Number of protein chains: 2
Amino acid sequence: MMGRKIVALAGGVGGAKLALGLAQVLPADELTVAVNTADDFEHLGLYICPDLDTVMYTLGGLANPETGWGRRDETWNVLDAIGKVGGETWFRLGDKDLATHIERTRRLRTGEPLSSIIADFAKRFGIAPAIVPMCDEPVRTVVKTDDGDLAFQDWFVRLHCEPVVRSVRFAGVETAKPHPALRSFDGLRGVIFCPSNPFVSVAPILAVPDVRVALQRAKVPRIAVTPIVGGQAIKGPAAKMLAELGHDVSALGVAKYYQRLVDGFVLDVQDAALAPEIERLGLRVKVADTMMHDDSDKKRLAEAALEFVDEIAADGRH
Amino acid sequence: MMGRKIVALAGGVGGAKLALGLAQVLPADELTVAVNTADDFEHLGLYICPDLDTVMYTLGGLANPETGWGRRDETWNVLDAIGKVGGETWFRLGDKDLATHIERTRRLRTGEPLSSIIADFAKRFGIAPAIVPMCDEPVRTVVKTDDGDLAFQDWFVRLHCEPVVRSVRFAGVETAKPHPALRSFDGLRGVIFCPSNPFVSVAPILAVPDVRVALQRAKVPRIAVTPIVGGQAIKGPAAKMLAELGHDVSALGVAKYYQRLVDGFVLDVQDAALAPEIERLGLRVKVADTMMHDDSDKKRLAEAALEFVDEIAADGRH
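Residues numbered from 1 in each chain as written. Chains lettered and ligands numbered in written order. Predicted model: local features only at pLDDT ≥ 70, side-chain atom pairs only at ≥ 80, totals over all residues.

## Things to note about the overall build of chain A
Across its full length, chain A carries twelve helices and 14 strands. Relative to the 2.2 N^0.38 estimate, which gives 20 Å for 318 residues, the radius of gyration of chain A is 19 Å and therefore close to what a compact globule would have. (Helix = DSSP H or I, 4+ residues; strand = E, 2+ residues; numbered from the N terminus. Rg over C-alpha atoms; globule rule 2.2 N^0.38 Å.)

Here it is, written out as structure tokens:
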């Protein structure tokens, strides 16, 4: 019997958009968004979770539609004043956003697990689907570059992704325990890899011990939605990383990267010509308009992804 | 030969006002304001120094003239948002003020001493006189009340000073080391006890090991400016504490409390009738208008206090 629950693996902006689409079309108890926490970091003494917060703010209708990160109707009074006492201001933290970090940091210091804090915040923000961190333990993405090893946000925000990437590792992941939602995928309706950066958003989730194996073994439809359209990342450094890490800078490169983990690949209409090559990898392909400009785009792509999941289930090809 | 430097002992609002007066009339290198830190506390995971910040904001022209605490032109966006994620909002921290706490907490966690951080902040705020914490070690005022032992800010802010006070102690003070400005008073022009709460603002400074003895031994004029006028505290719970701790609820009660530590006592004009009784304690008395409504009041009281210090020095009665 087909399951009803969807687990979506998500990073920041792209992942949050599809997660919002899924939240619009699925009953709340049928969606769990499992989010990368390897780009979390301590800054100004506060524990910051960029991807979790982007997903949370997006699903809560609190996200800044212009930037893709941070909150709407934001002000910057604290950061301006921090600059005046000599503090760092390169990582832009707005006042409302800081409240999340201050209260989360305080609760983490009492020993409360991140997953519990996020569940409570999400409830207070009126978010019905489950948003879960990939694990409660701190994991940190380290980008090995020609300029040395860099903490992810240093590379991503402070250095604008400029140093050439040679490899990526997730410090601390070996001892992390996956969130229960990631321990077994059996009995789900399906697993959806959101259009997030494969190397720094999805790979850390897969690197949490046992998640990759559980996914490989799962007898449920698993699909990925391309984060690359026309050889470009919609947002962020995915295309640059594909090139620097020696992959095809295309949806094909991403499909190859996910080859043994997914049954199907959602390709953008602009890249329809790549379908035969991706099918030759043993993957089923669905061509869809993957650009999500507004909420109806998100809903449409979510519907297409779910339809694809169900087609794969019907075929028994997973 | 008479020294040139003044050390002022200060708590929050009243102390900050006189400190500002002194800063207006003394060359910057002739004034050190030594500030109580026993009402510091951790809140929202941040290290908050109410008295130091009140002195710093007041001397930097950044203080909120209405409240006496916090900063002028303040906004409350973070605290509002903290309330929305279930955090505590009873201690009112504005956005600009939070910047001070965030950056101070971050620097303290790197191991930098509080005195060094405050010196840097004061410089950045354009404050010329030295502002120093009584010590770098954390000391915490505990108010023993009929409702049990309470952390100072709990009693003061959250419970509006309502529980009846039986005694006050300063946890951790035994192992604190006084700031160098409080180790010896010899060679100063004088020491001024600002009109701050004797029990919770001045007493903690005196309780730092060796400070009381150094003050008693100092061969320099030491004066106190009354925080009680007409049997009332200008601000805060000093009168209530005088009563509950068994003292006269008057400037006389304060003069008795400081009797062995000061040579002179500045009495408000409203209380001139108390002068003979205070003189019978062996103290010299100066009657002055101690109410500080505006900056010219502060300057005038500072001038009167300095004149008093110099009169005592000229008399050789210290």
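Structure shown, so let's carry the discussion forward.
## Quick look at the interface of chain B and chain A
For an interface, size is often stated in terms of accessible area lost upon the parts coming together. Taken together, the contacts link 24 residues of chain B with 24 residues of chain A. Taken together, the elements giving at least two residues each to the side of chain B that touches chain A come down to α3 (77-84), α4 (95-109) and α5 (114-124) of chain B. At ten residues, the largest contribution of residues to the side of chain B that touches chain A is made by α4 of chain B. Along the lines of polarity and charge, the residues of the side of chain B that touches chain A split into nine nonpolar, seven polar and eight charged. (Contact = placed C-beta atoms within 7 Å. Nonpolar A, V, L, I, M, F, W, Y, C, P; charged D, E, K, R; others polar.)

## Some words on the sheet that holds strand β14 (residues 284-288) of chain A
Residue and element names in this part refer to chain A. The strand order across the open sheet formed by seven strands is β5-β2-β1-β9-β10-β13-β14, and the pairing between neighbours is parallel. Pairing within the sheet leaves two strands with one partner each, and these edge strands are β5 (130-133) and β14. Between one strand and the next, the sheet's axes are offset by a mean angle of 20°, whatever the strand orientation. (Pairing = 2+ DSSP bridges. Axes fitted to C-alpha atoms, helices over the stretch in contact; angles between N-to-C directions.)

## Regarding the pairing of strand β10 (residues 222-225) of chain A
All names here are of chain A. Neither face of β10 is open: one carries R222 and A224, the other I223 and V225, and all of them are buried. Where strand β9 (residues 190-193) meets β10, three bridges bridge the pair, whose relative direction is parallel. Paired with I192 across the two strands is I223, which belongs to β10. In this structure, β10 lies alongside strand β13 (residues 264-268), joined through three bridges in parallel fashion. What sits directly across from I223, in β13, is G264. (Buried ≥ 20, exposed ≤ 12 C-beta atoms within 10 Å, placed from the backbone.)

## Quick word on unusual backbone geometry
Although it is not a glycine, H160 of chain A adopts a positive phi angle of roughly 50°. If you trace the backbone, H160 of chain A turns up in the loop between α6 (152-158) and β8 (165-171). Residue D210 of chain B is not a glycine yet carries a positive backbone phi of 80°. In this fold, D210 of chain B is placed in the loop between α7 (198-207) and α8 (211-217).

## Details of the environment of I205 of chain A
Residue and element names in this part refer to chain A. Position of I205 among the secondary structure elements: in helix α7 (residues 198-207). In the structure, I205 is positioned 169 residues away from N36 in sequence and 5.7 Å away in space, judged by C-alpha atoms. Excluding anything up to four places from it in sequence, I205 contacts L9, A34, N36, M134 and V211.

## Overview of the nonpolar core
Note that soluble globular proteins tend to have their nonpolar side chains buried in a common cluster. In this structure, A8, A19 and I131 of chain A together with A8, A19 and I131 of chain B are the most contacted members of the largest nonpolar core, which totals 222 residues. Those residues in contact with A8 of chain A that lie beyond four places of it in its chain are L18, A19, L22, L31, V33, I192 and C194 of chain A. (Core = buried A, V, L, I, M, F, W, Y, C linked by C-beta atoms within 7 Å.)

## Description of the relation of the copies chain B and chain A
With an RMSD of 0.0 Å, the fit of chain B onto chain A corresponds to turning through 180° and sliding 0.0 Å along the axis. The superposition of one copy onto the other is thereby described by a two-fold rotation axis. Taking the C-alpha atom as reference, chain B places D95 of chain B closest to the rotation axis, 3.6 Å from it. The residues that chain B uses at the interface reappear at the interface of chain A in 100% of cases, marking a shared surface. (Least-squares fit on C-alpha atoms with pLDDT ≥ 70 in both.)

## Side note on the confidence of the model for chain A
Averaged over chain A, the pLDDT score is 95; the fraction of residues at 70 or greater is 99%. The ipTM, which scores confidence in the relative placement of chains, is 0.89 for this predicted complex, and the corresponding pTM is 0.91. (pLDDT = per-residue confidence, 0-100.)

## Points about the sheet that holds strand β7 (residues 148-151) of chain B
All names here are of chain B. Taken together, the three strands give an open sheet; going across it, the order is β7-β6-β8, and neighbouring strands pair in antiparallel fashion. Each of the sheet's edge strands pairs with one partner strand only, and the pair in question is β7 and β8 (165-171). Strand-to-strand twist across the sheet, computed as the mean angle between neighbouring axes with direction ignored, equals 25°. Taken together, the four bridges between strand β6 (residues 140-145) and β7 define a ladder with antiparallel strand orientation.

## Details of the pairing of strand β1 (residues 6-10) of chain B
Residues and elements named next belong to chain B. In terms of burial, β1 is a largely internal element, five of the five residues being buried. Of the two faces of β1, both are covered, the one formed by I6, A8 and A10 as well as the one formed by V7 and L9. Crossover connection from β1 via helix α1 (residues 13-25) to parallel strand β2 (residues 31-35): handedness right-handed. Where β1 meets strand β9 (residues 190-193), four bridges bridge the pair, whose relative direction is parallel. Opposite I6, over in β9, you have G190 as the bridge partner. (Right-handed = clockwise from strand over helix to strand, strands pointing away.)

## Concerning α7 of chain B
Among the ten residues of α7 of chain B, ten are classified as buried, and the element is accordingly described as predominantly covered. Listing the buried residues of α7 of chain B in full gives P198, F199, V200, S201, V202, A203, P204, I205, L206 and A207 of chain B.

## Regarding the environment of T100 of chain A
Looking at the secondary structure, you find T100 of chain A in helix α4 (residues 95-109). On a C-alpha basis, the gap between T100 of chain A and F121 of chain A in space is 8.4 Å, while along the polypeptide they are 21 residues apart. With sequence-adjacent residues up to four places away left out, T100 of chain A is seen in contact with D53 and F121 of chain A together with V85 of chain B.

## Side note on the packing of α4 of chain A against helix α5 (residues 114-124) of chain A
Residues and elements named next belong to chain A. Packing of α4 against α5 brings their axes to within 10 Å, and their N-to-C directions diverge by 140°. As far as their axial angle goes, α5 and α4 are oblique. The crossing of α4 and α5 is right-handed. When α4 is examined against α5, the residues T100, R104, R107 and L108 are found in contact with a partner set consisting of L114, I117 and F121. (Parallel < 35°, antiparallel > 145°, perpendicular 65-115°, else oblique. Left-handed = near helix turned anticlockwise from the far one by under 90°.)

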